[in-house]
Amino acid sequence: MKFPLSWLRRYLDTPAGAPAIADALTRLGLEVESIENPAEKLAPFVIAQVLSAEPHPQADKLRVLTVDRGDGQPLQVVCGAPNARAGMKGVFGAAGAFVPGSGITLKVAAIRGVESNGMMCSSRELDLGDDHDGIIELPANAPVGQPYAGWAGLDDPIFDVAITPNRQDCMGVHGIARDLAALGIGTLKPLVHPAITTTGPCPIPIRTDDESGCPAFLARAVTGVVNGPSPEWLQQLLTRAGLRSISALVDITNYFSIGYGRPLHVYDMAKLSGGLTARRAINGETLLALNGKTYTLDDSMTVIADDSAVHDIGGIMGGEQSGVSATTRDVLIEAAYFAPDRIGATGRALGLVSDARSRFERGVDPAFVAPALDMAAAMVADLCGGAISDMAVAGSLPDAPRTLGYDPALVTRLAGLDVAPAEQQRLLAALGFMVEPVPLPWRVTIPSWRRDVQGAADLVEEIVRLHGIDKVQSVALPRAEGVARPTATPMQLLERRLRRLMAARGADEAITWSFISAAEADRFGGGPWVLDNPLSADLAVMRPSLLPGLLAAAQRNAARSQPGIRLFELGRRYLADGEHPTLALLLAGEMAPRGWQQGKARAATAFDMKAEILAALAAAGVPVERLQTRQPASPHYHPGRSAKLVLGQQLLAEFGDLHPEQLALAGLSLPIVAGEIHLDALPERRGKRARPAFRPSALQPLNRDFAFLAPDTLAAEALVRAVRGADKALITDARIFDRFTGPGVPDGQVSLALAVTLQPADRTLTDADLEALSKSVVAAAAKVGAALRG
Amino acid sequence: MDEMLESQLQSLMAAIERAETVADLREAELKALGRKGLLPAEMAKLGSLAPDARVERAKLLNRHKADMADVVATRLATLEKAALTARLAAERIDMSLPADSAPQGSVHPISQVMDELAEIFADLGLFVATGPEIEDDWHNFTALNIPPEHPARAMHDTFYARLAGGEQPEPAGDEQPEPAGDQQSEPAGDRQRYVLRTHTSPVQIRTMMAQKPPIRIIAPGRVYRSDSDATHTPMFHQVEGLVIDRGIHMGHLKWTLETFVKAFFEVDDVILRLRPSFFPFTEPSVEVDVGCSWEGGTLKVGGSNPVVGSSASSGSWLEILGAGMVHPRVIANCGLDPDEWQGFAFGCGIDRLAMLKYGMTDLRAFFDADLRWLKHYGFASLDVPTLSGGLSQ
């Protein structure tokens, strides 16, 4: 909320200056976002008198002035203003002054051959208005040589204060003054309740048919007004608060809104037909509002309507049709109490933000409805003339005072502060709370304007706020007893481990958006979670895979000419059955650049990805030797060059070449391989690993090579598993070291060569032993369809 | 005869010492020591000598044999050494040629900062907790004392989510006890309306519902607001802290935050300023500013004693987090008795912490995956933050 210091001083007697007030506001929890003093930028400008004004020898429209700025050394100034003349007083800026309205810094310069030492300024040049027809003319008694801003009353710092949603009472300058006074920054001036002489009953009958939306509707008519411009002081206050001065009637409602946080509405009685009723809107009713937009209403909304039309979206914005104008003669002033929840819901449904809404939806002071109406009516009569009617009242105000039980020990318990009960009582009283201190617990009556105070903890906050939150002393958190346990969960530890592993293996960690486009989601299995209100179509569906994000990242990096891209991300996939922590990895472009040793660059292959995935799974404690490869992986992968890795029946990971269509759609021409590990599918690591005593074999291991012919549909993994199974005690490893098709190998077959490692347990193997082993290896291979190569 | 032998031996020895190749050496050796060589031939003649002379003569010949063998061995060693030297010289390559370098990966600054936070708070006994990012309305708002029409909802630009095709999700995570007390009667639709969590605070609710106090947790993670400009991204990261026990008060909160800020920024002279503020789920609520100073155009945490509102001062306050005592209604909503259990909560933007500590200026770059940025601001895999090894890398 923006307001000038002078407005605050209307309600608060204080010797404090702007810095002290700003400091106090901060201490109170009213965050000062900025203080701007218009006088600061006008500091270089002084009151000066034109001593002489002669025609410019080279230009008809210019004049050469001699200007006295009070230092006894008149300066020569070239000026183009038609009203510049000898004897007048105006505002002068010397060379070096920055002119706020035009953004230039004045210099001594020759204008058409005549030296000019500064400028006599117009209103616009000083950012004080739109007038640029001539230079500012000051009255004859203006003191030459004095700073202009101070003399003109512009030394009025403007505060911009952020009001938290709970503090409705500070949505008006008066409430802020009340809070400052409670802190001891000055004295709150008493509100003057005007004595009103009325002329008779209110000519417009009013009613509320919607007591849940508008519990109370109060009004007074003022007849015979003249709605001219408002007086200078009111225009200045509003302008400095960032509002435009419109007319006296409109300015008065704005004065109450900003000054007291009390929105009012003024109707031109000539434009009403019949009485005014607060009621629910009828579905489809429309209103052209004061902001020039037309709103379509429904029966969840409260409106004020006459016999023929809606005139006000209750508590949010009035209608154009019944608004006041320069010709308005008779007005009805509405002061209502609207239900905060209704205002919030209506405002959200209409997407309509207004000063009135922001005050009503937080809940205005129900005790200040009638006084505000009286003060406003008196102000209208004062500024616009006219006669005031009796007050018309419909409905009833929520006026039951609320009380709380309160134990002053709570301040120590919650805040760790020691504040004497008497002091607590004093502080609460300063804020308008009424305290009955005996017996315990205290009975505390909440002032009508503090709707936000609902419980004892709120009273603690009030006391802490006034006593000074800076008095809270740090107290060390007691250490938890017992042996320290890991504070991270197994999943977090797994993620940390994999993150460091992937980085160590050369990949860079990315964090990409959790939401992707519907098209991307569909290509990667479909995203069941959609956003109702996405920022854009590109960020509309929660990702079912991390790969679209990495693919888009690869595309951006490729566009930046990165030759080799290794990216990984640890994040969640969002599926119908929940959120699944996932490691995704993508390799694109060169895995090894061309080099003087190995020649050509090497592109990423699916087996590079397999190596990464297996390394990650091994680091995660998965028994990788028991994994089975199932081809192919999900449809976003290449159908012939991708696979799932399963343990038992559990899918742990997928990897492979991405489908060429995916790459084309992502606009990528690089070879790309990718993989995802489903971290929540991995078997849990079981506690700490137990290590039996180390007993190395005394016997040398032996190696035997076998070459088999097998159908090319046979998974090599199946052959290896069969060979290993041939003698589980003796065979410790079997590894494929060659794969060959071509001359000597029949079509549809493949030659696979295996190195088998044997580890004798208790005695050296004999030739007969080896012969028997070979036979069982060959027999095991035969069972999966592989024949020893002759 | 001896003179003759001596001269023959001299000449053979000279041949050995002159030998330029191993082959020349072997030939000379053969002439001296081979089966038909000079010395074996002389030995063969010993039988014809008188016994006394034979002994003398044998001694002499054996000495010559040993000398000759020594000379051969010495020469052989010399030749081998020379051959090796020559071979090694021929094998020289330019060692300034580049080696194949292993690619260097990196850890994202957000992850690094999360690890730092976990480490700092582990020392204070705070466990790391998590919760769903697609959260129901009740956990994200209502349970946190933000009922549906509360103006505070306007502080959060919320993304609303639903399952396409009208499926109903399985309830996420915990089983919730009935809310205690008469507070916050819970609209039935609340748990079927989904949002992307707007803060990490719902993890407070889930934790308090799932475990008995004392509770000490931090909850780092992704959060979402429908806001996008130079300083806001629709997805960012927060860390939540929650300590619930008997007798935990604002003094403990202040100490915890001071300890955290000092440890995180690794400065001793940190001044924190608590300002009264408002969050629906804490009461009293505070916003926390940290004293900063400008040094050569960059903001440094700690150091000066800032003066508010004074632009001339080199010091200034920087708002870094929000905190407060957990609202009694929130504690009651989780099925705990607020007269018995109380404590504090705080929330802080991780991205902002990272920017402040490590000097990034553009938030959007965090999520762009530009390899140049990742390698510039990222961390080496072994730069694991630990208390014993230091948190900053």
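Throughout this description, residue numbers start from 1 for each chain and increase along the sequence as written. Following the order in which they are written, the chains are lettered starting with A and the ligands numbered starting with 1. pLDDT decides what is reported in this predicted model: residues at 70 or higher carry local features, side-chain atom pairs at 80 or more are listed and counted, and totals for whole chains, interfaces and linings draw on all residues regardless. Calculated side-chain values reflect all of the structure's heavy atoms, with hydrogen atoms and water omitted.

Tallying secondary structure elements over chain B gives eleven helices and eleven strands in all. A burial count over chain B gives 52% of its 393 residues as buried. A total of about 17800 Å² of accessible surface is found on chain B, and carbon and sulfur atoms cover 53% of it. Helix and strand definitions follow DSSP, with helices as H or I runs of at least four residues and strands as E runs of at least two, each counted in order from the N terminus. In this scheme, a residue with accessible area under 20% of its type's maximum is buried, one over 50% is exposed, and one in between is partly exposed, where area comes from a 1.4 Å probe on protein chains only. Residue burial considers only the protein chains on display, and all accessible areas are found by Shrake-Rupley using a 1.4 Å probe.

The secondary structure content of chain A amounts to 20 helices and 44 strands. By its C-alpha atoms, chain A is 125 × 85 × 60 Å across when sized along the principal axes. Here chain A holds 790 residues, and the buried ones make up 51% of them. Contacts are assigned to residue pairs with any non-hydrogen atoms lying within 4.5 Å of each other. Sequence-distant contacts, at least 24 apart, represent 68% of the contacts inside chain A between residues at least 6 apart. Accessible surface for chain A amounts to roughly 35600 Å². Of this, 53% is attributable to carbon and sulfur atoms. For chain A, the distance from the average site of its 77 positive side-chain charges to the average site of its 86 negative ones is 9 Å. Positive residues here are Lys and Arg, negative ones are Asp and Glu, while His and the chain termini are left out of the count. For charged residues, the charge sits on one atom: NZ in Lys, CZ in Arg, CG in Asp, CD in Glu.

Let us look at the interface of chain B and chain A. Taken together, the contacts link 98 residues of chain B with 90 residues of chain A. Around 7900 Å² of area is buried between chain B and chain A when both sides are counted, 56% of it from carbon and sulfur atoms. Buried area: the sum, over both parts, of the accessible surface (1.4 Å probe) that disappears when the two are put together. Counting the surface chain B buries against chain A, the share from its top three residues, B:Glu149, B:Pro276 and B:Leu371, is 8%. Just to be clear on terms, a salt bridge is a Lys or Arg side-chain nitrogen sitting within 4 Å of an Asp or Glu carboxyl oxygen. Taken together, chain B and chain A are joined by eleven salt bridges. Note that B:Arg222 and A:Glu569 form a salt bridge whose closest N and O atoms lie 2.7 Å from each other. Whenever a nitrogen or oxygen atom comes within 3.5 Å of another N or O atom, the pair is scored as a polar contact, on the condition that within protein one atom can donate a hydrogen and the other can accept it, and that pairs from neighbouring residues in sequence are kept only if both atoms are in side chains. Our count for the chain B to chain A interface comes out at 47 residue pairs in polar contact (both at pLDDT 80 or more). Here the term charged refers only to Asp, Glu, Lys and Arg, the term nonpolar to Ala, Val, Leu, Ile, Met, Phe, Trp, Tyr, Cys and Pro, and the term polar to all other amino acids, Gly among them. Its residues assigned to classes, the side of chain B that touches chain A shows 51 nonpolar, 21 polar and 26 charged. Examined bridge by bridge, strand β32 (residues 529–531) of chain A and strand β3 (residues 160–163) of chain B share three bridges and lie antiparallel to one another. Residue pairing in the sheet places A:Leu531 in a bridge with B:Ala161 of β3(B). At least two DSSP bridges between two strands are required for those strands to pair.

Next up on the list: the pairing of strand β41 (residues 702–711) of chain A. In this sheet, strand β43 (residues 749–758) of chain A lies alongside β41(A) in antiparallel orientation, the contact comprising ten bridges. Pairing of A:Phe706 across the sheet is with A:Leu754, part of β43(A).

What follows covers the packing of helix α5 (residues 109–123) of chain B against helix α10 (residues 350–358) of chain B. Residues and elements named next belong to chain B. One way to put it is that α5 packs onto α10 with a least axis distance of 9 Å and a crossing angle of 95°. The angle between α5 and α10 falls in the class roughly perpendicular. Between α5 and α10, the residues in contact are Ile110, Val113, Met114, Glu116 and Leu117 and Ile350, Asp351, Leu353, Ala354, Lys357 and Tyr358, respectively. Tallied by class, residues from the contact of α5 with α10 come to eight nonpolar, no polar and three charged. To obtain an axis, a line is fitted to C-alpha atoms, over the contacting stretch when the element is a helix, and the angle between two such axes runs from 0 to 180 degrees between their N-to-C directions. For classification purposes, angles smaller than 35 degrees are called roughly parallel, those larger than 145 roughly antiparallel, those between 65 and 115 roughly perpendicular, and all remaining angles oblique.

What follows covers the packing of helix α2 (residues 18–28) of chain A against helix α5 (residues 173–183) of chain A. Residue and element names in this part refer to chain A. Across the interface, α2 lies against α5 with an axial gap of 10 Å and an inter-helix angle of 90°. If you check the angle between α2 and α5, you find them roughly perpendicular. Residue-level inspection shows Ile21, Ala24, Leu25, Arg27 and Leu28 of α2 in contact with α5, the latter providing Ile176, Asp179, Leu180 and Leu183. Here the contact of α2 with α5 is built from residues that sort into seven nonpolar, no polar and two charged.

This part takes up unusual backbone geometry. Note the cis peptide between A:Val438 and A:Pro439, where omega equals -10°. With respect to the helices and strands, A:Pro439 occurs in the loop between β28 (434–436) and β29 (442–446). With an omega of 0°, the peptide bond running from B:Pro213 to B:Pro214 counts as cis. Tracing the sequence through the fold places B:Pro214 in the loop between α7 (202–210) and β5 (215–224). Positive phi, normally seen in glycine, also occurs at A:Ser561, with a value near 65°.

The next thing to look at is the packing of aromatic side chains. Aromatic pairs are defined between Phe, Tyr and Trp rings, using the six-membered ring for Trp, whenever the two ring centres lie within 6.5 Å; interplanar angles under 30 degrees are classed as stacked, those over 60 as edge-to-face, and all others as tilted. For the structure shown, the criterion picks out 28 aromatic pairs over all chains. Pairing A:Tyr11 with A:Tyr260 gives two aromatic rings, centres 5.2 Å apart and planes at 50°, and the pair type is tilted. Linking A:Tyr11 in helix α1 (residues 5–11) with A:Tyr260 in helix α7 (residues 248–260), this pair joins segments that are 249 residues apart in sequence. Judged by its relative accessible area of 4%, A:Tyr11 is buried. Ring pairs connect the aromatic residues A:Trp513, A:Phe515, B:Phe159, B:Tyr224, B:Phe366, B:Phe367, B:Trp373 and B:Tyr377, which therefore count as one cluster. Whether a charge sits over a ring comes down to the Lys NZ or Arg CZ being within 6 Å of the ring centre and within 35 degrees of the ring normal. Lying across the ring of A:Trp449, A:Arg178 places its NZ or CZ 4.0 Å from the centre. A cation over a ring is seen here: B:Lys357 above B:Phe264, with NZ or CZ 4.4 Å from the ring centre.

Our next topic: the confidence of the model for chain B. Residues and elements named next belong to chain B. Values of pLDDT, the confidence the predictor places in each residue, fall between 0 and 100. Residues with a pLDDT of 70 or more make up 89% of chain B, whose mean pLDDT is 87. Here residues 171–189 is modelled with pLDDT under 50, and outside its nearest four sequence neighbours on either side it reaches 26 contacts, counting other chains as well. Note that pLDDT drops below 50 for residues 306–313; the model gives that stretch eleven contacts with residues more than four away or on any other chain. Per the prediction output, this complex has pTM 0.86; the corresponding ipTM is 0.86.

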